[in-house]
Amino acid sequence: MRWSQAFIPTLRDDPAGAEAISHKLLVRGGYIRQLMSGSYSLLPAGFRVRNKVRAIIAEEIDSIGGQEFLLPVLHPAEVWQRTGRWEAMGDELFRLKDRRGVDHVLGMTHEEIFTLVATELKSYKQLPQLWYHFQTKLRDEPRPKSGLLRVREFVMKDSYSFDLDEEGQAKQFDAHHAAYTRIFKRMGLETVPVEASSGAMGGSDSVEFMVQSTAGEDFVAFSGRCGYSANVERAQSRIPTVANTNPLEATEKFPTPGVRTIDALASFEGGAAAENQIKSLVYIVDEDPILVLMRGDHPLQEQKLADHLKAGELRPAHEDEIVDLLGAHPGSLGAVGVSDVRIVADVGLQGRNGMTTGANEDDFHLRGVDIERDIDVSEWVNLREVKAGEGCPSCDGDLEVYKAIEVGHIFKLGAKYSKTLGATVLDENGKARPIIMGSYGIGLGRAVAAIAEVHNDDKGLIWPVAVAPWEVIVTLVKTDPDTMAAGEHLYRDLKAAGLDVLLDDRNERPGVKFTDAELVGIPYRITVGPRGLADGNVEFVERAVGERSDIPLDGIVAHVKGLVDQALAG
């Protein structure tokens, strides 16, 4: 490719409103352009990077037995209604009616549709199967941001495994785990596999592959001592035991005028420290109210609650709903004496007495509450969000918490979809059994953004060789006949050696060309000019290192080819 004929619209200034480094550099480097919030066009350089990401993924999934499909984006609503995800996906699911008034879905994922195809499997002898595709997904993301990291339209590789039993599913899950590790390593991403919530996907276990980055929107709890790692939506920790104080034979009601918060009650005369308070939260779960109890100083992790409840829709109750249910406003709520309402309590409250909580009467609280004596808890669940510095659940070390980008997610789905949609096979005894499934996803655009997020400097992008739009750029500093001829000859020789080459033949100042090459992030640069040619040399620069060296013109092709081959070999 000749830069004079290419469309690589580089910019000197950051795009307005961009915060993530990847967003800024992908726009400035001429890789992407925003059409609207959460929707981006890939320009030629961006398309080349994404295609290389795609090729790495396809090669590794093929290596574990994957077969590539292409399934539709437009789905009949009826299928999603049968699995319950028409409701469970909430407002993020794009819904539309056709001209006949029939409901449809723009697919954000393809579990249902692959399962329908799998209904053609009839015998255990046809298993295992591993199917995948690269397809556009659409989500009505409420807060698209950070360029390609959070969008409404994106291409994903999603693969699906089909097995007779959980043992077979575990093998395919482990094969994907290993393949994902190889995929991200080849892309230049250092990932950490972490325990994760399965969310609306359902199933049992799931693992996310995380890249540590301040641009991430997930938080990972990690122990450097034993390697424990989990998304905070799933993580657990060890915390010091709090001794019970002030036990009473019965609860005691006392006035707390104007007290509406945990901190206010802690500083109120006759109140209680946060760890000796019960925080009462009202949620609406699939239209039914529940009461959630936490220790006063413990934050609720909503995803843990949603996972436990297998909630389709979960939201905090509105103030009028709270008053109708409990007779008081937030700040004066409690569970003592409450009946006919499901009460879910965090395990951090088990065995506690001498506690203080709202009296379900505005401006009054109760002290001396014994959880087991005074509250009819429906179930005990680990609902607390862990914090940095708390004890690791797997060793005697402490947890760190850092921000991360999720670049891959693998799920054990079990028979969730096959039972509902009738995907069964006959086993060796002729008995019909639901197929056991797994689901495995990687977003291509997010992978590109994650690579850009961690491979850059103050001059621009620094693409790993395996995903770079071009592996080497030949920069001509002059347009005199000798320089042009040498550059053209070198360009052809590099291409003949199988390298991706960009020839910067523009009629621009050398400084402009060098700045653009650094911004775009091409791994290797060869500078051709009259001064070096007079000595039979060209200047060579490795983008990641920045050091310049003179290399004989007749040896530069072999030199670059060797570096590229070494980089691709890992």
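Remember, it's a predicted structure, so these values are computed and weren't measured experimentally.

Analysis parameters
- Residues numbered from 1 in each chain as written.
- Predicted model: local features only at pLDDT ≥ 70, side-chain atom pairs only at ≥ 80, totals over all residues.
- Heavy atoms only, no water.
- Domains from an automatic or database assignment.
- Buried < 20%, exposed > 50% of the residue type's maximum accessible area, 1.4 Å probe, protein only.
- Helix = DSSP H or I, 4+ residues; strand = E, 2+ residues; numbered from the N terminus.
- Contact = heavy atoms within 4.5 Å.
- Pairing = 2+ DSSP bridges.
- Axes fitted to C-alpha atoms, helices over the stretch in contact; angles between N-to-C directions.
- Phe/Tyr/Trp six-rings, centres within 6.5 Å; stacked < 30°, edge-to-face > 60°.
- Lys NZ or Arg CZ within 6 Å of the ring centre and 35° of its normal.

1. Quick word on the domain arrangement of the protein chain
Part 1: Considered domain by domain, the protein chain is made up of domain 1 (21-73 + 107-229 + 401-453), domain 2 (252-296 + 303-381) and domain 3 (470-569).
Part 2: Domain 1 and domain 2 are separated by 39 Å when their C-alpha centres are compared.

2. Focus on helix 5 (residues 111-118)
Part 1: Counting buried positions over the eight residues of helix 5 gives six, a clear majority of the element.
Part 2: When we look at burial in helix 5, the residues that qualify are Glu111, Glu112, Ile113, Phe114, Thr115 and Ala118.

3. Regarding helix 1 (residues 21-28)
Part 1: With respect to burial, helix 1 is a largely interior element, six of its eight residues being buried.
Part 2: Turning to helix 1, its buried residues are Ser22, His23, Leu25, Leu26, Val27 and Arg28.
Part 3: Of the surrounding secondary structure, the elements contacted by the buried residues of helix 1 are strand 1 (32-36), strand 2 (39-42), helix 12 (444-454), strand 25 (456-457), strand 26 (460-461) and helix 14 (510-520).
Part 4: Positive phi appears at glycine 30, one or two residues downstream of helix 1, with a value of about 75°.

4. Some details on the sheet that holds strand 4 (residues 74-76)
Part 1: Ordered in space as 4-6-5, the three strands form an open sheet in which the pairing is antiparallel. Both edges of this open sheet fall to strand 4 and strand 5 (94-97), since each of them pairs with a single strand only. Taking each pair of neighbouring strands and ignoring which way they run, the sheet shows an average axis angle of 35°.
Part 2: Of the strand pairs in this sheet, strand 4 and strand 6 (residues 103-106) are connected by three bridges, and their pairing is antiparallel. Looking across to strand 6, one finds that leucine 74 is bridged to leucine 106.

5. Looking at the packing of aromatic side chains
Part 1: According to the stated counting rule, one finds 13 aromatic pairs in the structure shown.
Part 2: Aromatic pair phenylalanine 114 and tryptophan 131: ring centres 6.5 Å apart, planes at 40°, arrangement tilted. Taken as a pair, phenylalanine 114 in helix 5 and tryptophan 131 in strand 7 (residues 129-138) lie far apart in primary sequence, 17 residues in all.
Part 3: Taking the relative accessible area as the measure of exposure, phenylalanine 114 reaches 0% and is therefore buried.
Part 4: Joined through ring pairs, the aromatic side chains of Phe69, Phe114, Trp131, Tyr160 and Phe162 make up one cluster.
Part 5: In this structure, lysine 412 packs its charged tip against the face of phenylalanine 173, placed 5.1 Å from the ring centre.

6. Topic: the sheet that holds strand 30 (residues 537-542)
Part 1: If you walk across this open sheet you meet the five strands as 28-27-29-30-31, and the pairing is mixed. Among the strands making up the open sheet, the edge pair consists of strand 28 (501-504) and strand 31 (548-552). The sheet shows a mean angle of 25° between the axes of neighbouring strands, taken without regard to direction.
Part 2: Strand direction decides the pairing type here: strand 30 and strand 31, joined by five bridges, are antiparallel. Its bridge partner being in strand 31, valine 538 is matched across the sheet by isoleucine 551.
Part 3: Where helix 13 (residues 481-496) meets the sheet, it contacts strand 27 (472-476), strand 28 and strand 29 (524-528), and its direction lies at approximately 170° from that of strand 27.

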